[in-house]
Amino acid sequence: MSEPSTTGQASAEHPVLVERLGHVMVITINRPDARNAVNEAVCLGVGDALEEADHDDDVRAVVLTGAGDKAFCAGADLKAILRGERIIPEGRELWGLAGYVGHYIGKPTIAAVNGAAIGGGTELALASDLVVAADTASFGLPEVKRGLVAGAGGAFRLAAQLPQRVGLEMLLTGDPISAQRALELHLVNRVVPAADVLETAVELAGRIAANAPLSVQATKRIALGHQGSQRPADAPLWELTTKELARVSGSADAVEGPRAFAEKRAPVWQGR
């Protein structure tokens with residue numbers, strides 16, 4: 001487990017901070033200068049913390065947040081990818097992005113979205129059981145604007161958690177929405193001033209943690225269809241995501257999209 005600390009004591013030496021507040025574990029992605037983008041160290045830090053939370057009876061709820069006030073999480077660290085570095089640790093592929101999106105645990109999870117959550121950041125929120133958002137937050141999956149696919153669960157979770165046509169509009173246009181619009185669509189549970197987002201999430205987690213833990217965990221399993229550390233309903237959707245990612249990632253458009261974005265120009269799609 002990472003050294004206990006508060007966000008105010010964050011340092012670049014610890015890419016993930018873990019703190020205990022009573023029966024609540026707070027996990028902070030601590031890379032504010034990189035907009036809390038996910039590299040291999042983040043995957044390991046978050047994933048290991050979730051494992052500890054899941055097996056520690058003293059932990060009854062988990063809050064995930066990002067350091068700073070600019071971004072909750074910017075998704076995968078593109079600079080690390082360009083350097084040829086792994087993002088998902090070898091042997092822990094099933095955990096998914098940030099060691100989180102495919103990491104099913106029995107304890108309730110709450111995302112405290114402290115800023116922009118675009119791309120992978122939205123996928124972390126979608127993977128959480130509850131979401132508290134800062135009024136400055138925004139949500140969106142812009143992958144189609146880059147010739148890519150939302151491969152960390154976003155493509156199927158967004159369509160499932162919103163009215164289908166609303167979810168499809170967001171997925172197919174790639175356009176983001178504000179925190180207030182996310183609240184109207186019931187994509188998040190609370191929208192609060194940015195300064196209050198973590199406190200509000202911890203307070204909500206505390207209310208859950210005050211209940212009988214076995215009852216809470218059983219209720220989560222029933223509500224979400226969890227069986228142990230798996231959610232069988234998601235298995236074919238992850239398989240389909242993997243197939244479609246492989247098909248799209250090798251295309252000319254997948255090269256053109258990021259290049260056009262980096263060059264600040266409109267992409268020229270070829271459909272191949």
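Now for a quick tour of the structure. (Residues numbered from 1 in each chain as written. Predicted model: local features only at pLDDT ≥ 70, side-chain atom pairs only at ≥ 80, totals over all residues. Heavy atoms only, no water.)

Of regular secondary structure, the protein possesses 10 helices and 9 strands. Whereas a compact globule of 272 residues would reach a radius of gyration of roughly 19 Å, the protein reaches 18 Å, a difference of no more than 12%. Projected onto the principal axes, the alpha-carbon positions of the protein cover approximately 55 × 40 × 40 Å. In the protein, which comprises 272 residues, the proportion classed as buried is 46%. Intrachain contacts of the protein at a sequence separation of at least 6 include 65% that bridge at least 24 residues. Only carbon and sulfur atoms are counted for the fraction: they give 55% of the accessible area of the protein, which is about 13400 Å². Separation of charge centres in the protein, based on 26 positive and 33 negative side chains, amounts to 6 Å. (Helix = DSSP H or I, 4+ residues; strand = E, 2+ residues; numbered from the N terminus. Rg over C-alpha atoms; globule rule 2.2 N^0.38 Å. Buried < 20%, exposed > 50% of the residue type's maximum accessible area, 1.4 Å probe, protein only. Contact = heavy atoms within 4.5 Å. Areas by Shrake-Rupley, 256 points an atom, 1.4 Å probe, with all protein chains shown as cover. Lys, Arg positive; Asp, Glu negative; His and termini not counted. Charge placed at Lys NZ, Arg CZ, Asp CG, Glu CD.)

Here we come to a negative patch on the surface. Negative charge collects at one region of the surface, where D135, D196, E199 and E203 lie side by side. Locating E203 in the fold gives a position in helix α7 (residues 197-209). Residue class for E203 comes out partly exposed when judged on its relative accessible area of 44%. (Patch = residues over 30% accessible without salt bridge, like charges linked within 9 Å, V, L, I, M, F, W, Y side chains within 5 Å. Salt bridge = Lys/Arg side-chain N within 4 Å of Asp/Glu carboxyl O.)

This part covers the state of the cysteines. As used in these notes, a disulfide is a covalent bond between sulfur atoms, one from each of two cysteines. Across all of its chains, the model carries 0 disulfides by this definition. Of all cysteine sulfurs, the one in C73 lies closest to C43, which takes part in no disulfide; the gap is 9.4 Å. The buried category is assigned to C73, whose relative accessible area is 1%. (Disulfide = S-S within 2.5 Å.)

The subject of this paragraph is the sheet that holds strand β1 (residues 16-21). The strand order across the open sheet built from 6 strands is β1-β2-β3-β4-β6-β9, with neighbouring strands paired in mixed fashion. Both edges of this open sheet fall to β1 and β9 (190-192), since each of them pairs with a single strand only. Adjacent strand axes in the sheet meet at a mean angle of 20° when their direction is disregarded. Seen against the sheet, helix α3 (residues 120-127) touches β2 (24-29), β3 (61-66), β4 (109-113) and β6 (130-134) and runs at an angle of roughly 145° to β4. (Pairing = 2+ DSSP bridges. Axes fitted to C-alpha atoms, helices over the stretch in contact; angles between N-to-C directions.)

Moving on, we come to the pattern of salt bridges. This structure, assessed with the given rule, holds 15 salt bridges. Here E184 and R181 are joined by a salt bridge, their closest N and O atoms 3.3 Å apart. Of this pair, E184 and R181 both sit in helix α6 (residues 179-184), 3 residues apart, which is roughly one turn of that helix. Under the relative-accessibility criterion, R181 is labelled partly exposed at 37%. A salt bridge links R265 to E256; the nearest nitrogen and oxygen atoms lie 2.7 Å apart. Judged by relative accessible area, E256 falls into the buried class, the value being 10%. Beyond isolated ion pairs, a larger network of salt bridges with shared partners links R20, E52 and D56.

On to the sheet that holds strand β7 (residues 138-140). Taken in spatial order, the 3 strands line up as β5-β7-β8 in an open sheet, and their pairing is mixed. At either margin of the open sheet sits one strand with a lone partner, and together these are β5 (116-118) and β8 (177-178). Where β7 and β8 come together, 2 bridges link them in antiparallel fashion. In the sheet register, S138 faces β8, and the bridge partner there is S178.

Everything listed here is a matter of geometry and, on its own, says nothing about what the molecule does.
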